[in-house]
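# Remarks on the overall topology
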Amino acid sequence: MTERLPDTCPATASALSTAPQNHDTAQHPARSNGEHECEIAAADGYRLAASVHEPDLHPASVKGVVLLHPATGVPQSIYRAFAQALASRGFHVVRYDYRGIGRSAPPRLRGFAASMSTWIDQDVEGVTRWAAQRWPELPLLAVGHSIGGHAVGLSDSSRLLSAAALVASHAGCLHFIKPLGERLRVTALLKVIGPLTSHTLGYVPGRRLGIGENLPRGVALEWSRWTSLPRYFFDDPSMHAERRFARVTQPLLVLGFDDDPWATAPGIDLLTGYFTQATLERHQIDPRQHATGPIGHMGFFRRQHRDSHWPLVIDWLERQAAAARGK
């Protein structure tokens, strides 16, 4: 069971109270109207740092709730502008950090227990159930970035969603990465440097390596193992991933980008092929056809794509929310 927390839940004596504050708070010390920070209990009780955006509308006019499930090693601050855009269109929005990342990290990662499976089964589960309890009268939707899209397929709580958008979500097998130079670089990071630093330091110093946030040891080792499997975590018998993906029956919007070296079209197609009961709307975008610049694996949520690419997702979420409310 998850704990229902008030909207302005105060900080508590937890890992968050002493976690590094060099992301959202440091970059954006003043919160906008309708935006506040809080904590949400994961399914196992771990306290996750979250930010909630609420539109300046009468409650009856709010369209729905959107959860932003992050990518690996990506702090919630990356999604702030996109969350603000969603709120301006009439959605409550919840963004958060997985345990061990951003403001959900302890002061030291050495010895900290977390894995990708933990993020999916405990963190995503807790946030989704919290939001469903907080706004039970509204359609609940999600936008999953990379592993955040995996969570839509794997989490039991996804049955509470009316629809979800998957952005750059793919089966992360190394053989899908293009070009060869990038594949070799990622292979060295995930197969040599990641395991080595996990065992010697107790974590992966992602900031020093230029690959995002520092990663808990268990996250890095599980990720490394999955990347060598022919079908990623679908070949991990402990995950039961094929069966879990087949439970999803909601509409899904799937976005890939031609300049993304990690989430290539074959990797996206392998992943989404296991959504056997869902209705998929698939878009493969060539950034060269737009004047807003490259997208890659991380760029979709940059402000420069507000007018060119964000409407595809936000308009779709609006339609799905309206359809859910019309049932």
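Use the structure listed above.
One structure accompanies this document, and this report is about it. (Residues numbered from 1 in each chain as written. Predicted model: local features only at pLDDT ≥ 70, side-chain atom pairs only at ≥ 80, totals over all residues. Heavy atoms only, no water.)

### Details of the sheet that holds strand β10 (residues 279-285)
So the rule is basically this: By the convention used here, strands pair only if DSSP detects at least 2 bridges between them. Only DSSP runs of H or I with at least four residues qualify as helices, and only runs of E with at least two residues qualify as strands; both kinds are numbered from the N terminus onward. Simply put, an axis is a line fit to the C-alpha atoms, just over the touching stretch for a helix, and the angle between two N-to-C directions goes from 0 to 180 degrees. When checking whether two residues touch, look at their non-hydrogen atoms; a contact exists if any pair is within 4.5 Å.
On the basis of which strands lie adjacent, the open sheet formed by eight strands has the order β1-β2-β4-β3-β5-β6-β9-β10 and mixed pairing. Every interior strand has two partners, whereas the edge strands, β1 (35-41) and β10, have only one. Recorded for the sheet is a direction-independent mean angle of 20 degrees between the axes of neighbouring strands. Strand direction decides the pairing type here: strand β5 (residues 140-145) and strand β6 (residues 163-167), joined by five bridges, are parallel. From the neighbouring strand, A142 faces β6, where its bridge partner is A164. Relative to the sheet, helix α2 (residues 80-88) contacts β1, β2 (47-53), β3 (64-69), β4 (91-96) and β5, its axis offset from that of β4 by approximately 165 degrees. Contacts from helix α4 (residues 147-154) reach β3, β5, β6 and β9 (251-257) within the one sheet, and its direction differs from that of β5 by about 135 degrees.

### Observations regarding the packing of aromatic side chains
So the rule is basically this: By convention, a stacked pair of Phe, Tyr or Trp rings (six-membered ring in the case of Trp) has centres within 6.5 Å and planes under 30 degrees apart, an edge-to-face pair has planes over 60 apart, and any other such pair is tilted. With a 1.4 Å probe rolled over the protein chains alone, any residue whose accessible area is under 20% of its type maximum counts as buried; one over 50% counts as exposed, and the rest are partly exposed.
Evaluation of the coordinates by the stated rule reveals 19 aromatic pairs. Plain terms: the ring middles of F234 and F245 are 5.0 Å apart, the flat faces sit at 70 degrees to each other, and that makes the pair edge-to-face. A residue pair is termed long-range when its members are at least 10 positions apart, and F234 in the loop between α7 (217-227) and α8 (241-245) and F245 in helix α8 qualify at 11 residues. No difference in accessibility class separates F234 from F245, as the two residues are buried. Through successive ring pairs, a cluster of aromatic residues spans W226, Y232, F233, F234, F245, Y274 and F275.

### Side note on the layout of surface pockets
For clarity, the cut-off: Think of a 1 Å grid over the protein atoms and nothing else: a 1.4 Å probe that fits but is trapped marks a cavity, an open set flanked by protein within 12 Å on at least five of seven lines marks a pocket, and residues with an atom within 4 Å of a point count as lining. Grid points are joined across faces, edges and corners, and a volume is the space filled by probe spheres set on the points. Each residue gets one of three labels, nonpolar for Ala, Val, Leu, Ile, Met, Phe, Trp, Tyr, Cys and Pro, charged for Asp, Glu, Lys and Arg, and polar for the others, Gly among them.
Empty space within the largest pocket amounts to approximately 640 Å³. If you go around the largest pocket, you meet 35 residues; those closest to its centre are T72, I211, W223, W262 and H297. For the lining of the largest pocket, the secondary-structure elements that each account for two or more residues are α4, α5 (180-200) and α7. Among the elements that make up the lining of the largest pocket, the one with the highest residue count is α5 (six residues). Residues that form the lining of the largest pocket fall into these classes: 20 nonpolar, 12 polar and three charged.

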